[in-house]
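# Fold and geometry: a report
For reference, the chains in residue letters:
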Amino acid sequence: MSTDITIDPAHTTAVAQPGLLRSAMKLWRTRIGVALVVLLVGVAIVGPWVAPYGPAEFVGTANLRNVEGAWLGTDYFGQDVWSRFLHGGRSILFLASVATLIGFFFGAAIGLVAAYNRGRIDDALMRFMDIILAFPQLLLALVALTTVGPQSWLIIAIVAFTTIPRIARITRGAAVPVVERDFIGAAEALGESRLRIITRELLPNVTGPLLVEANLRLTYSIGIIAGLGFLGFATERNAADWGLMVQENRVALSVQPWGTVLPAVAIALLTIGTGLISDGLARTVAGIDRGRPDA
Amino acid sequence: MSERHETLAIRNLRLDVAQSGNDIVDEVTLTIARGEMLGLVGESGSGKTTVGLAVLGHARKGVGIHSGSVSIEGTDVLAAHGKDLRRARGRLVSYVPQDPGTALNPALRIGGQVLEVLQTHGFGADNAARKQRVQEVFSEVLLPATPSFLRRYPHQLSGGQQQRVGLAMAFAARPAVIVLDEPTTGLDVSTQAHVLETVRALASKHGVAALYVTHDLAVVATLADRVAVMYAGRIVEQGTTAEIFANPAHPYTRYLVAAAPEMGSDRELVGLAGRAPSPGRRPVGCAFALRCEVATAECHAAFPEVTNVGTTDSHDVRCFHAFTVPERTSRRAAAGVAAAAGNDAALSLRGVDAAYTGLSVVHDVSFDISRGECVALVGESGSGKSTLSRSIGGLHREWTGEILLDGAPLARSSRDRPVQQRLSIQYVFQNPYSSLHPRRSIADSIGRPLAIAGVDKRETGREVDRMLERVSLSASYGSRFPDQLSGGERQRVAIARALVSKPQVLICDEVTSALDVLVQATIIELLVDLQRDLGLAMLFVTHNLPLVRSIAQRVAVMADGKIVELGTAADTLTNPQEEYTRRLLADTPAIPEFPANPELPIDTLG
Amino acid sequence: MGILKLILRRLMLGVATLLVVSVAVFLLTNVLGDPVKRMLGRGALPEVVAARRAELGLDRPLVTRYFEWLKGLLTGDFGTSYANGSPVWDLLEDRVNNSLFLMAVASAISVPLSLFIGAYTALRRDKWFDRIMSNQLLVLAAMPEFVVGALLTVLLATNVWHLVPAVSRIRPGEPPWSDLDGLVLPVLTLVLAVTPHVGRTMRAAMIDVLESDYVEMARLKGLPERKVLWRHAFPNALGPTLQVIALNIAYLAGGVVIVESLFNFRGIGIALRDAIPEANAPVVQFIAMFIALIYVISNLLADVATILVTPRLRTRLQ
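The present account deals with the structure reproduced in this document. (Residues numbered from 1 in each chain as written. Chains lettered and ligands numbered in written order. Predicted model: local features only at pLDDT ≥ 70, side-chain atom pairs only at ≥ 80, totals over all residues. Heavy atoms only, no water.)

### A word on the overall build of chain A
Rule in force here: Numbering of helices and strands starts at the N terminus; helices are DSSP runs of H or I of at least 4 residues and strands are runs of E of at least 2. Partly exposed describes any residue whose relative accessible area lies between the buried limit of under 20% and the exposed limit of over 50%, with all areas from a 1.4 Å probe on protein chains only and scaled to the type maximum. Shrake-Rupley sampling with a 1.4 Å probe provides the accessible areas, and residues are treated as covered by the protein chains on show and by no other component. In this tally, Asp and Glu contribute negative charge and Lys and Arg positive charge; neither His nor the terminal groups of the chain are included. The atom standing in for a charge is NZ when the residue is Lys, CZ when it is Arg, CG when it is Asp and CD when it is Glu.
Helix and strand counts for chain A stand at 12 helices and zero strands. With respect to the three principal axes, the spread of C-alpha positions in chain A is 75 × 45 × 30 Å. Within chain A, the proportion of its 295 residues that are buried is 61%. Accessible surface, chain A as shown: approximately 11,700 Å² in total, 65% of it carbon and sulfur. The averaged location of the 21 negative side-chain charges in chain A is 2 Å from the averaged location of its 23 positive side-chain charges.

### Some words on the packing of helix α6 (residues 128–142) of chain C against helix α8 (residues 180–210) of chain C
Residues and elements named next belong to chain C. We apply this condition: Helix axes use the C-alpha atoms of the stretch in contact, all axes being lines fitted to C-alpha atoms, and the angles between their N-to-C directions lie in the range 0 to 180 degrees. What sets the label is the angle itself: under 35 degrees gives roughly parallel, over 145 gives roughly antiparallel, 65 to 115 gives roughly perpendicular, and the rest give oblique. Left-handed describes a crossing whose near helix is turned anticlockwise from the far helix through less than a right angle; right-handed describes the clockwise counterpart. The criterion used for residue contact is that any of the two residues' heavy atoms lie within 4.5 Å. Ten residue types, Ala, Val, Leu, Ile, Met, Phe, Trp, Tyr, Cys and Pro, are classed as nonpolar, four, Asp, Glu, Lys and Arg, as charged, and the remainder, Gly among them, as polar.
Taken N-terminus to C-terminus, the directions of α6 and α8 make an angle of 130°; their axes are 8 Å apart at the nearest point. When the axis of α6 is compared with that of α8, the two are oblique. Between α6 and α8 the crossing geometry is left-handed. Contact residues: Asp130, Ser134, Leu137, Leu138, Leu140 and Ala141 in α6; Leu192, Pro196, His197, Arg200 and Arg203 in α8. Of the residues that constitute the contact of α6 with α8, the class distribution is six nonpolar, two polar and three charged.

### A look at the pattern of salt bridges
Our working definition: Basic side-chain nitrogens of Lys or Arg form a salt bridge, by our definition, when they fall within 4 Å of a carboxyl oxygen of Asp or Glu.
Tallying each qualifying case throughout the model produces 48 salt bridges over all chains. A salt bridge links Glu248 of chain A to Arg84 of chain A, with the nearest nitrogen and oxygen atoms 3.2 Å apart. You can see Glu248 of chain A sitting in helix α11 (residues 242–249) and its partner Arg84 of chain A sitting in helix α3 (residues 81–87), a full 164 residues away along the chain. Exposure class is identical for Glu248 of chain A and Arg84 of chain A. Each is buried. Here Arg350 of chain B and Asp368 of chain B are joined by a salt bridge, their closest N and O atoms 3.1 Å apart. In this pair, Arg350 of chain B is assigned in strand β13 (residues 345–356) and Asp368 of chain B in strand β14 (residues 359–370), connecting sequence segments 18 residues apart. Residue classification places Arg350 of chain B among the partly exposed positions, given a relative accessible area of 36%. Three or more residues joined by partner-sharing salt bridges are found here, namely Asp23, Glu27, Arg234, Arg282 and Arg318 of chain B.

### Brief notes about the state of the cysteines
Two cysteines, two sulfur atoms, one covalent bond between them: this is a disulfide. Residues and elements named next belong to chain B. Rule in force here: For this text, the term disulfide refers to a pair of cysteine sulfurs within 2.5 Å.
The tally for this structure, following the rule as stated, stands at zero disulfides over all chains. The thiol sulfur of Cys374 is not disulfide-bonded, and the nearest other cysteine sulfur, from Cys508, lies at 7.4 Å. A relative accessible area of 0% places Cys374 in the buried class.

### Describing the environment of Ala242 of chain B
Residues and elements named next belong to chain B. Assignment of secondary structure puts Ala242 in helix α10 (residues 241–246). Spatially, the C-alpha atom of Ala242 lies 5.7 Å from that of Phe594, the residues being 352 residues apart in sequence. Not counting residues up to four positions away in its chain, the partners in contact with Ala242 are Asn247 and Phe594.

Structure, rendered in structure tokens:
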């Protein structure tokens, strides 16, 4: 039953308006998310320059809360917790952003092509994507690390590769209803090329859900890369890494909580920040409040 | 009027948008007697469904019942809450939804869905009696009452059967009032005819008071005893069906009647541009005054009170200038246009077969369309008319045979056709809400065919402005985006885009089916003008038979993928040769002739 | 009849998925890098590397090794550890049981809990419970498990309160339920990791259903609200949620790696973590295939369950 009170069905269709980001910023959750992300990205970028000590510099006895010159104390190895914290965000952010960007690019391309060329290409592409999905992202990364060790390129490649099917599925899902709309038919009747239809007619109409998903994937990429660090597979030995710090210092949690709590809270705030932005964008795109299936 | 036994009485009903408090409907007062059917007519957005649901004490999300009363056999439904309200629903008053495909629960068996109404309301002595009643009511709505049928799920039924289950659910507990909300939208005409017949028979047999909500004047004319016309949330006119159709009083009603296509005549349709103001934008005075040609200062100042203008029966209208809009009687010389069309075929189909994912849906279709000629392609859904028109447009590739444009054969897919051919055949789509790129300006959308033809930007700009003017939109529309336009305006833009490259052939695929009747008439007017002026060969695809004679000179009737009858529109629709066409015509609801009351001042201005 | 055929078809699809996964796992652990070089370090002499390679049978053609490995997987011979030469199954048997127990407990709690939360928040949409819960779920869904677990440890096991132990103390050979106290934090962390996803899916599905025409129709028929919810709404919301539940059970299998490391829970997760620096490919391969198997099985079950609760799919079989 169509509602009888709306006059113009156009206003009920969830087509993203040009000012998606601006409208999303009207929501408090988006604002908080952006503030958190700006704060932690700031720490990660500026941190190494303002840190009082180097990331692997020995400053005193291990696991002390009160040490002169180290206001948050020392870690399991007698290094300055505050300095390691300031050094420890860059690699996570860098790896996660690059991996997500690559995965986003290929995922979106595959999703759009699959949605536009319904039929065999679509089936084959999506079947293949489902197989990649059969593996938890973290697990595939661990398997790949077995014989190579924690190399940056490998981590980026694996996270990007496992991000592709997730983005592709969402893109395809958002694009299929657009493909069925008549303006695509109108473009086809004019004989527009496939590439032009995909990039000029299809893509601009799925940017909303794509942006939401990309942001959500960034959240999970951060989680996986931090998780790898936590398992002891940070890309550089001795380097400070928020994930690794949690692992290193958790044994001494009751005597010197800062070594664990500070990096854990940093990762939490960062992922909550990106998660809130995803949610703000999703609500703006949908125009209504509703949870979304994500996995 | 006072002796009438009023089963349903709605008084001064007002519903609001819950957040803003703007009225969706207001001052709605109507009564329905036992055994009577009232047709509540209005365009989309007029508030008719809102009124229908309020009869069950229900308001959709975001809508609030503000004031007024709905009384059924003395029970005030709006004052009832919780258990009392639940008891009223289904027992005192029931609802037949618009789309039974979505209103039946996909997870439950149909027999169970009917049975639970009876169980909830304690109908009958025991469960055996209730099961008995379910079988009885299935028979009443002409469905098989076998146990195996009752155990089916909704998806195992056809659309018509689903709506019969909807009717069974509504009639099961023998309610006093039934609200039918466009129950035949989306059904084919033959199915619609049978469902309407059942509705009529059941309503009169059980003596229920029926509120039939619809936008379709022809259905109302054949079905209802009385008619109430809604515009912008108000009832502007009500009276007996004969009064309303023979002597429409309110200017809006007069326009509606003039815009309704008629099978039996090639009368020119007269439309009215613009749209009804939405909640929150409604003026103090008469909402129709903004579009009304006889509106005066007093119309803008106040909404007139109800006046009885009936002579024999009650006939109420809310207008200062009742009966003053001149009735439209001009006839179009359709034959003249047809004569202009020579034997010069712009488009020829020779033995076209088409398949849809391997299944053959069009068989051996051959016909020509001459320059300056409009051929209507009519048929029910699934007849293959859409596949055929998409094949001509190069949107569907699974076809064989020959389609010739100006004598030259066309490639199967538009991509394989030379630019000049692509631009010579243009397509206007059914749904104006989806045929324009939502993030592209109107001017860019219209100009795109020229860009493909390699026309330079300045020339394109000039052509776009000219085209906008040709479809009665000002050049300022060029910088707007589709979501700022109404459905009718969008369809004008789609027509402008189709005509900007000066095509020889125009394919119109159900172009008015998403539009209200007044706007539909304006689009038809526009297409008739354009086709005549530009000498277009036009293929007008539609399921709406009455529309055909207002636009086409010839008609091709399609069924099961074949052209069953092809002839001039006038002959085919008045004197069909084929059994299929005859049945189709018989099933199509039409407004019957109601003798006008000579005592009324008709055509005072005309 | 029909349903068996369908299960058989899904089963074949699952087997096909496992085959593709086995090729991927084998290539990743044999071709991407050289396990021997990684074991022995960069400075190892070429002859030492060659000798070790021959000792592990890695000098034979890749294809032969793959089929041998595959045959082993099918016959229950999962190879021997590179680190100490003992059979992989002997090393991992009780760890597999421990991890399965952990996952089973976490699923048994989180699935009904998230279905309830999803359905209830949808009913109380935009009321305070929904608002608070939705935001909670959003925050939880965003955080990686080890962060949630670490913060839980701070809260419940060390600095703030001392309610439960911060580490699990299951000894080799003991059943996983021998240390129930130590199970609290791992289970809680996994539950918190999975509940948001399933809960949000259920909420969205339930909201869709509650806004459907047939639920409006059920109310217009005068049915009591209880009946509207449990008979008309809930079964229809379950279908779309089942797939996500399956995906999350597989995700649990990945999540155990992190959670076990965090709480020193003796399971396959820790074994996997410890096998990687040793480049102990047979152990990694076994665990990877095991988790893929869990994914395939849970997916199969979800598919069958979806068909059973969806008449449209079910009747097609008859």
